[in-house]
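Listed below are the residues making up each chain.
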Amino acid sequence: MSDPVINYAQGGDAGKPAPSRLGSVAFGCAAAAASGVVLTTYLIRHPIPGPAGGLVRALAPALAVLILLLWAGGIACAIVAGRRRGFRGMPAAALVTGGAGIAVLGLMILLQY
């Protein structure tokens, strides 16, 4: 005797599309880049004294490049995910978050200097 095959995927959310992994990665990258800009703004306003502060100031250019790469990676992944599945859900959220990161960066430059 063979048991009938049970299809567990047919729940109440059977018609609801699952979020894409690439869209989730894009949102994570864009959110991390925006958080990096906010953290940088905080560290400019409240510098860390002592040798730890010197290390942070020495690593600042490398951290800026990492933030830029995270932002660019988030935008690129969002565009790829949006072309595959349409610009709904996570790809759209990643693009909005990337735009918010740029807006925060612009505000930081305008208000602090």
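None of the values given here were measured: they were computed from a predicted structure.

Quick notes on the overall build of the protein
Now for step 1: Along the protein, the regular secondary structure elements total 3 helices and 0 strands.
Now for step 2: Going residue by residue from the N terminus, the α and β elements of the protein occur as α-α-α.
Now for step 3: Within the protein, the fraction of its 113 residues that count as buried is 22%.
Now for step 4: Once local pairs closer than 6 in sequence are excluded, the contacts in the protein between residues at least 24 apart make up 76%.
Now for step 5: About 8,100 Å² of surface is accessible on the protein, with carbon and sulfur atoms providing 71% of the total.

Digging into a nonpolar patch on the surface
Now for step 1: The grouping of Leu-55, Leu-59, Leu-63, Val-65, Leu-66 and Leu-69 at the surface amounts to a nonpolar patch, some 570 Å² of accessible area in total.
Now for step 2: With respect to the helices and strands, the residue Val-65 is situated in helix α2 (residues 50-85).

Some words on the layout of surface pockets
Now for step 1: By volume, the largest pocket is sized at about 540 Å³.
Now for step 2: Surrounding the largest pocket, 24 residues form its lining, Gly-36, Thr-40, Ala-60, Ala-64 and Ile-67 being those nearest its centre.
Now for step 3: If you list the elements that add at least two residues to the lining of the largest pocket, you get α1 (21-45), α2 and α3 (90-112).
Now for step 4: Looking at the lining of the largest pocket residue by residue, the class counts come to 19 nonpolar, 4 polar and 1 charged.

Here we look at the environment of Ile-44
Now for step 1: By secondary structure assignment, the location of Ile-44 is in helix α1.
Now for step 2: For Ile-44 and Gln-112, which are 68 residues apart along the polypeptide, the C-alpha to C-alpha distance reads 8.9 Å.

A closer look at the packing of α2 against α3
Now for step 1: Two elements in contact, α2 and α3, have axes whose closest approach is 8 Å; the angle formed by their N-to-C orientations is 150°. Here α3 runs roughly antiparallel to α2, going by the angle between their axes. Between α2 and α3 lies a crossing of left-handed hand. Touching Trp-71, Ile-75, Ala-78, Ile-79, Ala-81 and Gly-82 of α2 are Pro-91, Ala-94, Leu-95, Gly-98 and Ile-102, all from α3.
Now for step 2: Of the residues in the contact of α2 with α3, the class split is 9 nonpolar, 2 polar and no charged.

Reading the values: rules and limits
- Residues numbered from 1 in each chain as written.
- Predicted model: local features only at pLDDT ≥ 70, side-chain atom pairs only at ≥ 80, totals over all residues.
- Heavy atoms only, no water.
- Helix = DSSP H or I, 4+ residues; strand = E, 2+ residues; numbered from the N terminus.
- Buried < 20%, exposed > 50% of the residue type's maximum accessible area, 1.4 Å probe, protein only.
- Contact = heavy atoms within 4.5 Å.
- Areas by Shrake-Rupley, 256 points an atom, 1.4 Å probe, with all protein chains shown as cover.
- Patch = residues over 30% accessible without salt bridge, like charges linked within 9 Å, V, L, I, M, F, W, Y side chains within 5 Å.
- Salt bridge = Lys/Arg side-chain N within 4 Å of Asp/Glu carboxyl O.
- 1 Å grid on protein atoms, 1.4 Å probe; cavity = no way out; pocket = protein on both sides within 12 Å on 5 of 7 lines; lining within 4 Å.
- Points joined across faces, edges and corners; volume = space filled by probe spheres on them.
- Nonpolar A, V, L, I, M, F, W, Y, C, P; charged D, E, K, R; others polar.
- Axes fitted to C-alpha atoms, helices over the stretch in contact; angles between N-to-C directions.
- Parallel < 35°, antiparallel > 145°, perpendicular 65-115°, else oblique.
- Left-handed = near helix turned anticlockwise from the far one by under 90°.

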